[in-house]
Amino acid sequence: QRVTGILLLLALATMPDANDGDVPAALRAASSVPWKQARFYHGVERVRDMCGVPKGDRGDDAVIGMMLDRFGWDYERTAEMYQVSVRRRKELGMAAIKDDIVSQQLSVEDFPHHRDVMPVIPVFASTSLEPPTAAAAAAAEPGSLPVIGCYELRYGQGDPDRRESSLVTPSDFTRYMLYVTQWRWLQCERYAQRHGEIGLWSMVHDLSCPSGFFSLWSRARSVFNKYLSPVEEACGGLFPPMVQKILIVNVPSLFSPVWSVIAAFLPAQHKERIVMLTASKTTAAEMSKYMPAEHLPPHVRGR
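Only a predicted model underlies this, so the values are computations on that prediction, with no experimental measurement involved.

Caption draft 1: Region of interest: the side chain of Glu-189. Considering the arrangement of structural elements, one finds Glu-189 in helix α10 (residues 170-195). Accessibility expressed as a relative area gives 5% for Glu-189, which makes it buried.

Caption draft 2: View of empty space enclosed by the protein. Scanning the model with the defined rule gives one cavity of 30 Å³ or more in all. Around the largest cavity sit Trp-35, Ala-62, Met-66, Trp-185, Cys-188, Glu-189, Ala-192 and Ile-198, which together line it. Split by residue class, the lining of the largest cavity holds seven nonpolar, no polar and one charged.

Caption draft 3: Fine view of the sheet that holds strand β4 (residues 243-251). If you walk across this open sheet you meet the five strands as β1-β2-β3-β4-β5, and the pairing is mixed. In the strand order of this sheet, the two ends are held by β1 (123-127) and β5 (274-278), each with one partner. Looking at each pair of strands side by side, their axes are set apart by 15° on average, direction ignored. For β4 and β5, the ladder comprises four bridges, and the chain directions are parallel. Counted as the bridge partner of Ile-246 is Ile-274 from β5. Across the sheet, α10 is in contact with β1, β2 (147-154), β3 (200-206) and β4; its angle to β2 comes to roughly 165°.

Caption draft 4: Seen up close, helix α3 (residues 38-51). Compared with the 20 Å implied by 1.5 Å per residue over 14 residues, the 21 Å span of α3 between its first and last C-alpha is a close match. Inspection of α3 places Ala-38, Phe-40, Tyr-41, Gly-43, Val-44, Val-47, Arg-48 and Cys-51 among the buried residues, and these make up the whole buried set. Against α2 (25-30), α4 (61-70) and α5 (75-91) lie the buried residues of α3.

Caption draft 5: Highlighting the layout of surface pockets. The space that makes up the second largest pocket amounts to roughly 330 Å³. Gly-59, Asp-60, Arg-89, Ala-95 and Lys-98 are, among the 14 residues lining the second largest pocket, the residues nearest its centre. Looking at the lining of the second largest pocket, the elements that each hand over two or more residues are α5, α6 (94-104) and α10. Among the elements that take part in the lining of the second largest pocket, α5 stands out by supplying four residues, more than any other. Considered class by class, the residues forming the lining of the second largest pocket number six nonpolar, two polar and six charged.

Caption draft 6: Quick peek at the environment of Arg-39. Structurally, Arg-39 can be placed in helix α3. Separated by 34 residues in the primary sequence, Arg-39 and Trp-73 place their C-alpha atoms 10.0 Å from one another.

Caption draft 7: Spotlight on the nonpolar core. Grouped together as the largest cluster of nonpolar side chains are 72 residues, with contacts concentrated most on Phe-111, Tyr-151, Phe-173 and Tyr-176. In terms of residues, this core owes the most to one element, α10, which gives twelve residues. Setting aside residues no more than four positions away along its own chain, Phe-111 makes contact with Ile-101, Leu-106, Tyr-176, Tyr-179, Val-180 and Trp-183. Core analysis: the second largest hydrophobic core is formed by 14 residues, Val-204, Val-249, Leu-277 and Met-287 among them.

Caption draft 8: Looking closely at the packing of α4 against α5. Axis separation between α4 and α5 bottoms out at 9 Å; the angle between their running directions is 140°. By the angle between their directions, the pair α4 and α5 is classed as oblique. Helix-helix and strand crossings are classified by hand; for α4 and α5 the assignment is right-handed. Residues Val-63, Ile-64, Met-67 and Leu-68 of α4 pack against Tyr-75, Thr-78, Met-81, Tyr-82, Ser-85 and Arg-89 of α5.

Caption draft 9: Layout of the packing of aromatic side chains. A full pass over the atoms with the stated rule returns seven aromatic pairs. With a centroid separation of 5.7 Å and an interplanar angle of 15°, the aromatic rings of Trp-185 and Phe-239 are classed as stacked. On the criterion of sequence distance, the pair formed by Trp-185 in helix α10 and Phe-239 in the loop between α11 (213-235) and β4 is long-range, its members being 54 residues apart. Of the two residues examined, Trp-185 and Phe-239, each falls in the buried class. Joined through ring pairs, the aromatic side chains of Trp-35, Phe-40, Trp-73 and Tyr-75 make up one cluster.

Caption draft 10: Geometry of the environment of Arg-190. Position of Arg-190 among the secondary structure elements: in helix α10. Here the alpha-carbon distance between Arg-190 and Ala-62, two residues 128 residues apart in the chain, equals 8.8 Å. In this view, Arg-190 contacts Val-102 and Leu-129; residues no more than four positions away in its chain are not counted.

Caption draft 11: Spatial organisation of the pattern of salt bridges. Overall, the coordinates contain 13 salt bridges when judged by the stated rule. Here Arg-48 and Glu-45 are joined by a salt bridge, their closest N and O atoms 3.8 Å apart. Here Glu-45 and Arg-48 lie together in helix α3, a separation of three residues that amounts to about one turn. Residue classification places Arg-48 among the buried positions, given a relative accessible area of 3%. Given the relative accessible area of 22%, Glu-45 is considered partly exposed. For Glu-286, the salt bridge is made with Lys-289, and the minimal N-O distance between the two is 3.2 Å. Exposure remark for Lys-289: the relative accessible area of 35% places this residue in the partly exposed category.

What counts, and at which threshold
Here, residues in each chain are numbered from 1, in the same order as that chain's written sequence. For a predicted model such as this one, the threshold for reporting local features is a pLDDT of at least 70, and the threshold for listing and counting side-chain atom pairs is 80 or more; totals across whole chains, interfaces and linings nevertheless cover every residue. Heavy atoms from the whole structure form the basis of all side-chain values; hydrogens and water molecules are not counted. In this description a helix means any DSSP run of H or I spanning at least four residues, a strand means any run of E spanning at least two, and both kinds are numbered starting from the N terminus. Partly exposed describes any residue whose relative accessible area lies between the buried limit of under 20% and the exposed limit of over 50%, with all areas from a 1.4 Å probe on protein chains only and scaled to the type maximum. Points on a 1 Å grid, built from protein atoms alone, make a cavity when a 1.4 Å probe fits but cannot get out and make a pocket when they are open with protein on both sides within 12 Å along at least 5 of 7 lines; residues with an atom within 4 Å of a point are the lining residues. Grid points are joined across faces, edges and corners, and a volume is the space filled by probe spheres set on the points. Residues are grouped as follows: nonpolar covers Ala, Val, Leu, Ile, Met, Phe, Trp, Tyr, Cys and Pro; charged covers Asp, Glu, Lys and Arg; every other residue, Gly included, is treated as polar. Only strands joined by at least two bridges in the DSSP assignment are considered to pair. All axes here are fitted lines through C-alpha atoms, helices being fitted over the stretch that makes contact, and every angle between N-to-C directions spans 0 to 180 degrees. Whether two residues touch is decided by their heavy atoms; if any such pair falls within 4.5 Å, the residues are in contact. Expected helix span is computed as 1.5 Å times (number of residues minus one). Within this scheme, the nonpolar core is defined by two criteria: the residues are buried Ala, Val, Leu, Ile, Met, Phe, Trp, Tyr or Cys, and they are joined through side-chain atoms within 4.5 Å. Small angles under 35 degrees read as roughly parallel and large ones over 145 as roughly antiparallel, with 65 to 115 read as roughly perpendicular and the rest as oblique. If you view the pair so one helix is near and one far, a crossing is left-handed when the near helix is turned anticlockwise from the far one by less than a right angle, and right-handed when it is turned clockwise. The aromatic pairing rule takes the rings of Phe, Tyr and Trp, using the six-membered ring of Trp, and pairs them if the centres are within 6.5 Å, calling planes under 30 degrees apart stacked, those over 60 edge-to-face and the rest tilted. One speaks of a salt bridge when a side-chain nitrogen belonging to Lys or Arg is within 4 Å of a carboxyl oxygen belonging to Asp or Glu.

Below is the structure:
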């Protein structure tokens, strides 16, 4: 009787999640992502059917899977946003950009206009396709998904002399950011294809500025109006939301009243994703809660 009980416990422990259901071998074989959770196989297939995706076209399995997760398994919304994604990627020629990145093994520094962009707004990017280490997982917020990289924009930094003479146009900047967006998605896709689960990014907005708050405010307004507004319009809807947390770091004390006004107009789900850190809180230990230490921006390491 004791042996029977042990066998029963072992059987229950190895059973698939009752909420996931079994996955037919043919569906597992067809999928381009070896999902760890069975519901992703069924969910992706359902959305594919809703959108009329050709049977042999499995290139967007990761896109659909991440959309399902990010949109709370709302099938109607996922199908709608997936169709927007397909249309927008076609309109902007993202397949050619993806092919350029993959075929030439480009990194961020190799993207068109990178050298001209850096004086205007320095960027930093770091990513890995390996799962977070045990130490990184222990430091992360409970319940968070794996963070596979960090992308940072430094609004108050750069070269003031070169900034004024920079030849980068809003169109050039937008093209550069299309490459960045496609590259970031490629990392998400590759992580899913390698590990069968979703990996997200941490986005960092650095507000440090040697010239002070008012200079920062002037530069940030200029960058937003001239460059980032066209980027937002171009990149919107291309891919699933890839960011787990948005970190606003080195926040000046004068920014708090401004943020109070901005925050009043933000949806709750957006505010939940935003973390604000003053200069004294912009440390490696604090930021390691939101990304593995190896992805920390260089100006934070050692602080």
